[in-house]
Structure formats: structure tokens, C-alpha cells
Amino acid sequence: MKVENIAEKLILIPSFPVNKDGKKNVSGEEALAVFIENFLKKARPELKMKKQIVKGRRYNMVFSSRPLSESRLIFCCHMDTVPAKALQVGKNGNLKVNIVQDRVYGLGSVDMKGGIATLLSALEELEKPTEGLAIIFYCDEEFGFLGMKKLTEELEVKAPLAIFCEPTNLKISNGCRGLIEFCGYIKGKTAHASRPEDGRNAIFIADDAFKDFKTRIKSYENLDFGNSVCNLAGLNGGLAVKNDKGDTSIEYSGNNVPNIAYTVIEARTTEAVLNSKRAIALFKKSVEREGGTFQLDKIKHDYSAFFTPPIKLKKLEKAINEAGESVLYQDLSNTGYYDAEMFSRNFSISSISFGPSPTEKSHAEDEYVSIKSLNKTKKVYKKIMENYKVL
Ligand SMILES: [Zn+2]
């Protein structure tokens, strides 16, 4: 089957776990998973499927002919999309798909049903059996990483390379920045407003500590990503007042030096060692340097950066060349976090993304995938399978 026709079929199957109005869609990716299972049963009967229940009716699927710990090459695809936008739904309420010249329009066309279609089409066309190849289809990449969390908790996977079929404009995307967010209370010392020198204004401490923290964070750098950066995302300072239950609330009183400041700190990191634990320790030091103390309230995000050095990707580069494409790397300095990091860190597997274009249309209302790029990607996937000797 032509790759664009597989893409068409995939796009028409809804696989978003949350609807546009925020309501849960309990079957999530189920219908898409069933389609993929039936397709591969026919195309590659030697690949055995294992289901991994994620939550309720939502599940991951692993296809392989060997134990996962003996894999030579892994492809990873998330099955979910973001909720449908108005343009992507027909009058009858069903998802729409449209082919216009080189473009297949529809929800998830480029992120990442185009990538899945490419992989399925490549597998369908292979003449040799797939030895040491593993393919993982998983849930919930666009929302809470439930599928990837489950995979990394329960599976034992080994392989020299994992490829995520995300859209990358046929460039190698070999890493992403990390994301850390935490919040907590900075405590200073109150005093009467007429004698501010007797107190330590918690709001001023927050401001000065943040500036100091910024320079500490900056020293964590990676040649490809640049420096780690941070943001003071929220600040609420005033006078700490305890209620009957012992909870602290922040109130505003003009004649007092504020002794408390609730602070939200966010950082985009470029070095894997800079995790939330280290960032919080650094922030504490900055606060103490300014004469205050810091009490952590909660960690909202704790995702590390990851980077696969090109030296580990020689076979991949060779495959791209053999498929007639140029080896290009994505500029990683602006990349957001994605779950290849969890996979790469948990299993110590060199991981990258490589897929069709245009990346820029991911999650857009006029999302589309270029058919030319699907065919080029397919050629590359087949060459990679050859070069990793899974055929
Ligand atoms: Zn994606």
C-alpha cells in the first residue's frame, strides 16, 4: 500500500485521550493500536506482539522476534495526537483527511501518524525477515508520558540505537533540553516599616537570589545546546500569617517588612547532571547567601536534558547517505523536552528522532505531511534496517 494511503487511514482513526472540551476519551489510542496490530500481523507475521496495559483500555504494544534485551535496532512511535481542531473535523463529527498534491492534511498527519505510516509501509515492503528489530508503539506522549513511564518502569531493553519516528524534516534530532520547575517559600525576617534595616525583606531576597541562581545555572552548558537558562516564573511576597490549622497564608501589610515570598522557578537545562535535586540545592545556596532560607513546596517538572553524540551515529549517517539524502542535524538550541530522554536515560540507549516534514505543522490546525518526505523517510528507514543488520 502507498505510504500516503496508510497515512490517510491512520489519520481517520481518532487517538486522542482527551477531547477538545477537556473530557476524557477512555478508549484513547485503542482503535489505532488495533489497526496497527492487524496491519503488522499480515505484513510481518514473524514479529510477535506483547501488550503492556497502561491504564484502563490504554496500552503499549511491543513487536519483536527476539527478547527485547537482544535487540539490534528499535523504532518508537507514540500513538496519540493532541485533540482535534475545528478544521480537522467534518460535519458529521468524524475526523477529516485531505490529499492535495504533495500534502496529506489531517490531525496527526505529521505528528506522528506520517512517521507510523512510513514505518508500516517500509516493513510491508521488506523482503528479508526482521531479525533483532523491535518496534514500540506507546500511549500518551502529548499529555502525561504515561506510556513511556510504563515502558521504562517495566521493560528490559538493550540495543545500539533507538529511532523515534517524530517529524524532523529529515534531520537527525539527537537530543533535547531538560525542563525543571519547582516552587517554595523564601523566608526572610520581618521588622517595622520604619526600621527596614532590622529585617530581611523576603521579596528582595527572592530577586537577588534569583540573579545569583541564574549565574550558577549558566555554568551548566553543552556545546550543542548552549547554556542552561532559568526564569523566575512567579513571586508572591508579603507577611506570613498562620491560621488555626497551622497553615501559612501570605497577607499584605503596609507597615511591615515582608518575611515570606512564594517563588516559582523554572529552568531549561542543557546538561543531564543538572536535575531538580541539584537545581534546588543551588537555589537554596543562593537564598542563604542573601540571608534567607528556602523551604521547598513542590517539584512540578523534573526532566533532564539528553544528547546522543554524532560519533555514535555513524551507521545511521551512512544509511542516510545511501538513501540519497544529506546528513543534517537539527539545531537543538530551541528544542523542547520530549520523552526520548526517558528512554535514552533509563535504558542507556543512543536515541534520536528522524522523520518527515514539515515539523513546523505539528499541532497546527492546518497540519499536513509532505508525501515526498514520507517516501524519503521510508528509504532511510529501510537502509537503517540493513545497516543494523536486522534484515
Ligand atoms: Zn510527536
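Note: the structure precedes this text.
Values in this document were obtained by computation on a predicted structure and should not be read as measured data. (Residues numbered from 1 in each chain as written. Predicted model: local features only at pLDDT ≥ 70, side-chain atom pairs only at ≥ 80, totals over all residues. Heavy atoms only, no water.)

Peer 1: Any chance you could explain the overall build of the protein here in plain terms?
Peer 2: From N to C terminus, the protein includes nine helices and 18 strands. A principal-axis box enclosing the C-alpha atoms of the protein has dimensions of 85 × 50 × 40 Å. For the protein, the proportion of its 391 residues judged to be buried stands at 53%. Taking the contacts inside the protein whose residues are at least 6 apart along the sequence as the reference set, 79% of them involve residues at least 24 apart. Summed over all atoms, the accessible surface of the protein reaches about 17,800 Å², with 50% contributed by carbon and sulfur. (Helix = DSSP H or I, 4+ residues; strand = E, 2+ residues; numbered from the N terminus. Buried < 20%, exposed > 50% of the residue type's maximum accessible area, 1.4 Å probe, protein only. Contact = heavy atoms within 4.5 Å. Areas by Shrake-Rupley, 256 points an atom, 1.4 Å probe, with all protein chains shown as cover.)

Peer 1: Any chance you could explain the sheet that holds strand β6 (residues 133-138) here in plain terms?
Peer 2: Reading across from one edge, β1-β2-β6-β3-β7-β17 is the order of the six strands in this open sheet, with mixed pairing throughout. Two strands bound the open sheet, and with one partner strand each, they are β1 (48-55) and β17 (351-353). Recorded for the sheet is a direction-independent mean angle of 20 degrees between the axes of neighbouring strands. Summarising the sheet, strand β2 (residues 58-64) and β6 pair through four bridges and their orientation is antiparallel. (Pairing = 2+ DSSP bridges. Axes fitted to C-alpha atoms, helices over the stretch in contact; angles between N-to-C directions.)

Peer 1: Would you mind showing me how to read the nonpolar core here?
Peer 2: Generally speaking, soluble globular proteins have nonpolar side chains that are buried together. Membership of the largest hydrophobic core comes to 56 residues, with the highest contact counts inside it found for Ile36, Leu73, Phe75, Phe137, Ile163 and Met385. Only α1 (3-12), α2 (30-43), β2, β3 (73-78), α3 (109-125), β6, α7 (314-322) and α9 (371-387) provide two or more residues apiece to this core. Ranked by the residues each element gives to this core, the list is headed by α3, at eight residues. Among residues more than four places away in sequence, those in contact with phenylalanine 137 are Ile36, Leu40, Asn60, Met61, Phe63, Cys77, Met79, Ile116 and Leu120. With 25 residues, the next largest nonpolar core counts Leu68, Cys76, Tyr138 and Phe347 among its residues. (Core = buried A, V, L, I, M, F, W, Y, C linked by side-chain atoms within 4.5 Å.)

Peer 1: What exactly am I supposed to notice about the coordination of the zinc ion here?
Peer 2: Six octahedral donors around a metal ideally make angles of 90 or 180 degrees; four tetrahedral donors ideally make 109.5 degrees. The coordination sphere of the zinc ion, as far as protein atoms go, consists of His78 (NE2), Asp111 (OD) and Glu166 (OE), spread over 1.9 to 2.1 Å. Taken in chain order, the donor set of the zinc ion reads H-x32-D-x54-E. Of the two residues, aspartate 111 sits in helix α3 while glutamate 166 sits in the loop between β7 (162-164) and β8 (175-176), which places them 55 residues apart along the sequence. (Donors = N, O, S within 2.8 Å, 3.2 Å for Na, K, Ca; no water.)

Peer 1: What exactly am I supposed to notice about the sheet that holds strand β4 (residues 98-100) here?
Peer 2: Two modes of strand pairing occur in sheets, parallel and antiparallel, and in both the strands are linked by backbone hydrogen bonds. Spatial ordering of the open sheet is given by β4-β5-β18, a layout of three strands whose pairing is antiparallel. Every interior strand has two partners, whereas the edge strands, β4 and β18 (368-370), have only one. Adjacent strand axes in the sheet meet at a mean angle of 20 degrees, parallel and antiparallel pairs treated alike. Summarising the sheet, strand β5 (residues 103-105) and β18 pair through three bridges and their orientation is antiparallel. The partner of valine 104 across the bridge, within β18, is valine 369. Together, β4, β5 and β18 form the strand contacts of α9, whose direction differs from that of β18 by roughly 55 degrees.

Peer 1: Even after reading the chapter, I still don't get the pattern of salt bridges, so can you show me in this structure?
Peer 2: Any two side chains of opposite charge can pair, so long as their charged atoms come close to each other. If you walk through the whole model with that rule in mind, you get 22 salt bridges. Glutamate 131 is paired through a salt bridge with arginine 66; the nearest N and O atoms lie 2.9 Å apart. Pair noted here: glutamate 131 is in the loop between α3 and β6 and arginine 66 is in the loop between β2 and β3, with a separation of 65 residues, a long-range link. In the salt-bridge network here, residues are joined through shared partners; they are Asp212, Arg216, Arg289 and Glu290. (Salt bridge = Lys/Arg side-chain N within 4 Å of Asp/Glu carboxyl O.)

Peer 1: Even after reading the chapter, I still don't get the pairing of strand β9 (residues 178-187), so can you show me in this structure?
Peer 2: Residues in a regular strand point their side chains to alternate faces of the sheet. Counting buried positions over the ten residues of β9 gives eight, a clear majority of the element. Two strands pair when backbone bridges link them, and β9 and strand β14 (residues 260-269) are joined in this way by ten bridges, in the antiparallel orientation. Looking at the pairing, tyrosine 185 lines up with tyrosine 262 of β14. Pairing analysis gives nine bridges linking β9 to strand β15 (residues 293-303), with the strands arranged antiparallel. The residue of β15 that forms the bridge with isoleucine 186 is phenylalanine 294.

Peer 1: Teacher, can you tell me more about the packing of α7 against α9 here?
Peer 2: The description of two packed helices rests on the angle between their axes and on the distance between the axes. Where α7 contacts α9, the two axes come as close as 8 Å, and the packing angle between them is 135 degrees. Between α7 and α9, the angle falls in the class oblique. Note on packing geometry: the crossing formed by α7 with α9 is right-handed. Side by side, α7 and α9 meet where Lys315, Leu316, Lys318, Ala319, Ile320 and Glu322 of the first sit next to Val380, Lys383, Ile384 and Asn387 of the second. Taken together, the residues of the contact of α7 with α9 break down into five nonpolar, one polar and four charged. (Parallel < 35°, antiparallel > 145°, perpendicular 65-115°, else oblique. Left-handed = near helix turned anticlockwise from the far one by under 90°. Nonpolar A, V, L, I, M, F, W, Y, C, P; charged D, E, K, R; others polar.)

Peer 1: In this structure, what is going on with the state of the cysteines? I would like to understand it.
Peer 2: Linking two cysteines covalently through their sulfur atoms gives a disulfide. Following the criterion strictly, the structure yields zero disulfides and no others. Here cysteine 139 stays unpaired: no disulfide links it, and the sulfur of cysteine 77, its closest cysteine neighbor, is 13 Å away. The buried category is assigned to cysteine 139, whose relative accessible area is 0%. The thiol of cysteine 176 is not disulfide-bonded; the next cysteine sulfur, from cysteine 76, is found 14 Å away. (Disulfide = S-S within 2.5 Å.)

Peer 1: What exactly am I supposed to notice about the packing of α3 against α9 here?
Peer 2: Across the interface, α3 lies against α9 with an axial gap of 9 Å and an inter-helix angle of 55 degrees. Between α3 and α9, the crossing angle belongs to the class labelled oblique. Of the two possible hands of crossing, α3 and α9 adopt the one that is right-handed. Residues Gly114, Gly115, Thr118, Leu119, Ser121, Ala122, Leu123 and Glu125 of α3 touch α9, and the partners they reach there are Leu374, Thr377, Lys378, Tyr381, Lys382 and Met385. Tallied by class, the residues present in the contact of α3 with α9 amount to six nonpolar, five polar and three charged.

Any link to function would need more than the numbers given here.
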